[in-house]
Amino acid sequence: MSGLGSWAARRLLLGGAQTVAVVVLVFALTEALPGDAAVALAGDQPDPARIAAIREALDLDRPAYERLADWATGLLHADFGHSLTSGRPVSSYISDAFGPTLLLAGLTVALLVPVGVGLGVLAARYEGRFVDRLISSVTLGVYAVPEFAFGVLLVTVFALRLDWLPPTAVGYGTDLLGHPAALVLPVLVLLSRPVCSLSRLVRAGMIDALASPYVAHARRYGIPGARVRYAHALPNAMAPAAQQLARTVDWLLCGVIVVEALFVIPGLGTVLMNAVAERDVPVVQGLAVVFGVITVVLNLGADLVAHRFAPRAEVAA
Amino acid sequence: MREYPGLRRRGFLAAASGVGALALVGCGSSDNDSGSDAGSANDGKPRRGGRLRAAFAGGGASETLDPHLANLFADVARAKALFDKLADYGDDLSAQPRLASGWEPNAGLDRWNVTLRKADFHDGKPVTAEDVLFSYRRIADPEKAFRAKASLEPIDLKASRAVDERTVEFVLKRPTAEFPNVLAAFGAYIVPDATSDADFDKKPVGSGPFRFVSFAPGRSAVFRRNEAYWDGAPHLDELEFVVANEESARVNALLGGQVEYAHELNPTTARAHEGKGQIEIVRLRNSAMQAFAMKTDRPPFDDKRVREAFFLIADRQELIDGALSGAGVVGNDLFGKGYEYYADGLPQREQDLDRARSLLKKAGAEKLKVTLDTSAVAAGFTEAAGIFRDQAAKAGVTVEVKMGSKDSYWADILDSGTLCCYRSGAMPIESHISQRLLTDSTTNATKWHHKDFDALYHQAQSTKDEKDRAAVFDRMQRRLYAEGGFLVWGFADWIIGTARTVKGVERTAPANSLDWARFDKVWLA
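The shown structure was predicted, so the numbers you read here are calculated from the model rather than taken from an experiment.

## Observations regarding the UniProt feature "domain: Solute-binding protein family" (unreviewed entry) in chain B
Per the UniProt annotation, the sites labelled "domain: Solute-binding protein family" (unreviewed entry) are residues 96-426 of chain B. A distance of 15 Å separates the end C-alpha atoms of residues 96-426 of chain B, which is 26% helix and 25% strand.

Structure (structure tokens):
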């Protein structure tokens, strides 16, 4: 396991470098966008004198590298800086919005693993038969529907027509646990596509594994079918699935924008969208750091899992 | 550590995606009883009690309750509930007294005595002349960039003083006949003397119809009835503002009974639900000017015959039907249909392609090619550009549509390009002229620079007699109608959805006016 330890350390270092690169890149890209916070703030009153005044007040008249250096120095002291538009600390933006997004992502993952793996195993077990064909065609079909359309469809049917669930989480703020019914539709929308991709990966991995020589060998020893499936074949199928899962969690944390907008959930996606539109660079950068760190940590975790389940797969960094 | 100025993105007048206005009037509009109740007929007797939840598009986590920062519709609606201005705009965008009970100019129109009514802040202290001066000085702070700063520019705040507790003497830098418009300016709210920046988020104190209860930026703001409100206590017990940026989310929340009031809906949504009985659709006419702006200082539009040809190319009804889904009325190349001083005596401009072609020929501009700048910054912009391109093709003009960035659009079109999509929310005609059509106007998108036109404006501002002043404004508008740079093709409706239990919603006030997004006069049946 000491090899694993140094491998993990190398991965962490690499991850740190990746995060720094993301932050610099985000800064450069935000600088390259047409207009800056002053122009965005001025909106339809682009009085040049006012834009200049805002620019000065926001320190935007200083060179880009100075602003980046200042911000990075603050970061070393865990100071994310202040929003350009409201003056509130960026850390409060992140901490306020983190809860709802984490809750959505957590619930989705908690359901995603059993449902995705279960469907995949089921389909693999009945490969080529009716159950497999049903699961495969439904997952393919659902996967093809964009989240937004799926969300609108679910809201129309279950909230507005049948009146079973609330159509949005408007007015609940971050207290989503107090209104669990409001979580059902968003989580369903978030689940829809990852379940499909995960179950198809597990199915493919299982079918490969079940056809492999070591499974055939295990069968020859008379080991019961269930044990062969779950103890021998499934772990092999889990390696690619774990990595897919890590990518899904990234996507859940960074890409729930559509769901948050549709259901009015004040999470990280909403904050990011507003911040980009407002050219609120410190907030965008703060989020980039958070997303960067999460992505690095999750992928590291996924690789460790893959390492553990299928060491022979020689998972590369 | 960092000074932050006012104003968030998505300007108020051009706010996010719509156009328009709403007004709520219950019994009696503003503070005179002669107000028309035409819009809210059959609403029955007001009932006291209940909480109304209103969904607006908002500014996310960077929202504040500082009324001087108000820039979005949601900000203004919240500011209006907590605070008062000295005056506000009536349905025709003329200034109506609010905290000011009256104003009296001197003969030269450069010194105004403004009398305050008896009103109290939420902490029980009376509203005094010192509070007014403090508020205006805060807005005009040269270090900051509050939106109303430009509007207050005519006031010499150093020389202005409190005559007594309830009288302010404003000294102006030049004669300003329309000074009451300044008192009604967007964001010119009165806050208590010595309020600090930090007070607004924690415990804002105003003199408005509702008191502060709680606020979570980008999510919700809860206010409670102010029993001691000088204009009569609101009917509602509580008012909650919630933020939902997606139009579909606002509609769904309204249909699902999660809110009772949804601001800013699409024409297609309105059509789908109008008359179905599930929700009420309120259309506020004449709320947002829709136009193309031609830069009059550069070819091809430096030739007034080309500008006139373009006026004649537009099929206005087709633009309304196509770009606004029919939710609007045609324009006549002038700002402010239905507002005070609007020149309504001019003939309605119609499409006349033959005359347009012959004008272009005379100007030597056959086979003309023009780039039309547009962007998804406002509803209908890209559609309008496409429709106009096709209309122009029939007159032999090639229009090339160029999509610009949404977030810097208004700054981009100010100086560059020759032709662009343009729009504006409601404001007095005088403000439109002073902000956009004078040589030294800061946002002169048509580059309309005419010394004689400036002189007319200053003449109007130093004319005390209202009739004479109206005549001057009429002259200025005739000039713009004949050869101006704004091709005003329509005025869009502002669309609001309410639950059927919501009563007393005024239907005649354009957006930005007093009775729009005003919740102290509505009630829940």
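The discussion continues.
## Side note on the interface of chain A and chain B
Facing 44 residues of chain A, the contacting portion of chain B comprises 48 residues. Carbon and sulfur atoms make up 59% of the area that chain A and chain B hide from each other, which totals about 4000 Å². It is Asp44(A), Gln45(A) and Arg88(A) in chain A that bury the most area against chain B; as a group they hold 15% of the surface buried on that side. Counting every contact that joins chain A to chain B gives two salt bridges. Here Asp96(A) ties to Arg219(B) by a salt bridge, and the two come within 4.0 Å at their closest N and O atoms.

## Concerning the environment of Asp110(B)
All names here are of chain B. Locating aspartate 110 in the fold gives a position in the loop between strand S5 (100-105) and strand S6 (111-116). Given the relative accessible area of 28%, aspartate 110 is considered partly exposed. Each C-alpha atom of the pair aspartate 110 and alanine 177 lies 8.3 Å from the other, and the pair is 67 residues apart in sequence. Not counting the four nearest positions on each side in its chain, aspartate 110 is found in contact with Phe170, Val171, Leu172, Arg174 and Pro175. A distance of 3.0 Å separates a polar atom in the side chain of aspartate 110 from a polar atom in the side chain of asparagine 106.

## Focus: the nonpolar core
Leu86(B), Tyr136(B), Phe170(B), Phe292(B) and Phe310(B) are the most contacted members of the largest nonpolar core, which has 113 residues in total. Excluding residues that lie within four positions of it along the chain, Phe292(B) makes contacts with Leu319(B), Leu372(B), Ala384(B), Phe388(B), Leu419(B), Cys420(B), Cys421(B), Gly485(B), Phe486(B), Leu487(B) and Trp489(B). Formed by 42 residues, the second largest nonpolar core is a distinct cluster that contains Val121(A), Val215(A), Leu252(A) and Ile265(A).

## What about the UniProt feature "transmembrane region" (unreviewed entry) in chain A?
Residues and elements named next belong to chain A. Under the present numbering, the feature "transmembrane region" (unreviewed entry) in UniProt falls on residues 12-30, 102-122, 134-160, 172-191, 251-277 and 283-302. End C-alpha to end C-alpha, residues 12-30 measures 27 Å, and it is 100% helix and 0% strand. In residues 172-191, the share of helix is 55% and the share of strand is 0%. The end C-alpha atoms are 22 Å apart.

## Observations regarding empty space enclosed by the protein
One water molecule sets the probe size; rolling that probe over the atoms shows where empty space is left. Residue and element names in this part refer to chain B. Applying the stated criterion across every chain yields a total of 10 cavities of 30 Å³ or more. Looking at the largest cavity, it is lined by 18 residues, and the ones nearest its centre are Lys80, Phe83, Asp84, Arg98 and Leu514. Those elements that place two or more of their residues in the lining of the largest cavity are helix H1 (73-82) and strand S2 (84-85). In terms of residue count, H1 provides more of the lining of the largest cavity than any other element does, three residues in total. Mapped onto the domain boundaries, the lining of the largest cavity takes at least three residues apiece from domain 1 (2-82 + 208-260 + 501-524) and domain 2 (85-190). By volume, the second largest cavity amounts to about 100 Å³.

Analysis parameters
Residues numbered from 1 in each chain as written. Chains lettered and ligands numbered in written order. Predicted model: local features only at pLDDT ≥ 70, side-chain atom pairs only at ≥ 80, totals over all residues. Heavy atoms only, no water. UniProt positions renumbered as here; feature names shortened; annotations may be inferred. Helix = DSSP H or I, 4+ residues; strand = E, 2+ residues; numbered from the N terminus. Contact = heavy atoms within 4.5 Å. Buried area = accessible area lost by both parts, 1.4 Å probe. Salt bridge = Lys/Arg side-chain N within 4 Å of Asp/Glu carboxyl O. Buried < 20%, exposed > 50% of the residue type's maximum accessible area, 1.4 Å probe, protein only. Polar contact = N/O pair within 3.5 Å; in protein donor to acceptor, adjacent residues only side chain to side chain. Core = buried A, V, L, I, M, F, W, Y, C linked by side-chain atoms within 4.5 Å. 1 Å grid on protein atoms, 1.4 Å probe; cavity = no way out; pocket = protein on both sides within 12 Å on 5 of 7 lines; lining within 4 Å. Points joined across faces, edges and corners; volume = space filled by probe spheres on them. Domains from an automatic or database assignment.

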